[in-house]
Amino acid sequence: LRRFTLIQTLPGCHTDLSGDRHADRHFIATGLGSMIMSLILPFFTGLLFGVGLAISGMSNPANVIAFLDLAGNWDPGLAFVMLGAVVTFGAGFPILRKRQGKPLFSDKFTLPASTSLDRKLISGAIIFGVGWGIGGFCPGPALVNVLTGSAQGLLFVASMLIGMLVAVYRKS
């Protein structure tokens, strides 16, 4: 018997071949397999997101700025991308909330602890929005642009990282 696996088995299917088995017959990957899955899943999720940004044209800051330019040459493309994201989340979140037990590749679901609108949340949203409007980037598209060799994307990501370091420094 193997002590770990790289791929989880489906619930109720051959869970006795490797790893630990629980009463609900959900397989829990252990050791190296768990570590690898905790790296592979986010990588492929991010890759899928990046490909979606590239296909939709939302990694191009000109498209984002055109969406925000209501008085000029307005482009509604970003609204359709946002609508697709909201519909997907709106359909998936209730399923997530109803799911009993643990997620497939983690110990627990991570949901926001606070639902209040405080000064830090509102000021952070304003800073994010102003930066998005000026640069035409938010973090996801900026990273896509860095991977394509864009100097503008690299400058944005460097500035974003500096801002994150300042926020961590101010918090401590």
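Presented here is a report on the structure given in the accompanying data block.

Here is what the cut-offs are and how they apply
Residues numbered from 1 in each chain as written. Predicted model: local features only at pLDDT ≥ 70, side-chain atom pairs only at ≥ 80, totals over all residues. Heavy atoms only, no water. Helix = DSSP H or I, 4+ residues; strand = E, 2+ residues; numbered from the N terminus. Buried < 20%, exposed > 50% of the residue type's maximum accessible area, 1.4 Å probe, protein only. Contact = heavy atoms within 4.5 Å. Areas by Shrake-Rupley, 256 points an atom, 1.4 Å probe, with all protein chains shown as cover. Core = buried A, V, L, I, M, F, W, Y, C linked by side-chain atoms within 4.5 Å. Patch = residues over 30% accessible without salt bridge, like charges linked within 9 Å, V, L, I, M, F, W, Y side chains within 5 Å. Salt bridge = Lys/Arg side-chain N within 4 Å of Asp/Glu carboxyl O. Polar contact = N/O pair within 3.5 Å; in protein donor to acceptor, adjacent residues only side chain to side chain.

1. Side note on the overall build of the protein chain
And step 1. Within the protein chain one finds 6 helices and 2 strands.
And step 2. Reading the helices (α) and strands (β) of the protein chain from amino to carboxyl end gives β-β-α-α-α-α-α-α.
And step 3. For the protein chain, buried positions account for 19% of its 172 residues.
And step 4. The contacts in the protein chain between residues at least 6 apart in sequence include a share of 35% that link residues at least 24 apart.
And step 5. Accessible surface for the protein chain amounts to roughly 12,800 Å². Of this, 71% is attributable to carbon and sulfur atoms.

2. Description of the nonpolar core
And step 1. Counting residues in hydrophobic clusters, the biggest one holds 7 residues: Leu53, Met58, Val64, Phe67, Leu78, Trp132 and Val144.
And step 2. With sequence-adjacent residues up to four places away left out, Trp132 is seen in contact with Val64, Leu68, Leu78, Met82, Phe137 and Cys138.

3. Quick look at the environment of Leu53
And step 1. Among the structural elements, Leu53 can be located in helix 1 (residues 31-56).
And step 2. On the accessibility criterion, Leu53 (8% relative accessible area) is buried.
And step 3. Between the C-alpha atom of Leu53 and that of Gly140, which follows or precedes it by 87 residues, the distance is 8.0 Å.

4. Quick notes on a nonpolar patch on the surface
And step 1. Together, Ile40, Phe43, Phe44, Leu47, Val51 and Ile55 make up a nonpolar patch on the protein surface, roughly 610 Å² of accessible area in all.
And step 2. Inspection of the secondary structure assignment puts Ile55 in helix 1.

5. Quick word on the side chain of Asn145
And step 1. Residue placement: Asn145 occurs in helix 5 (residues 139-147).
And step 2. Of note is the side chain of Asn145, whose polar atom sits 2.9 Å from the backbone oxygen of Pro141.
And step 3. Once residues within four sequence positions are removed from consideration, Asn145 is found in contact with Ser59, Phe137, Ser150 and Gly153.

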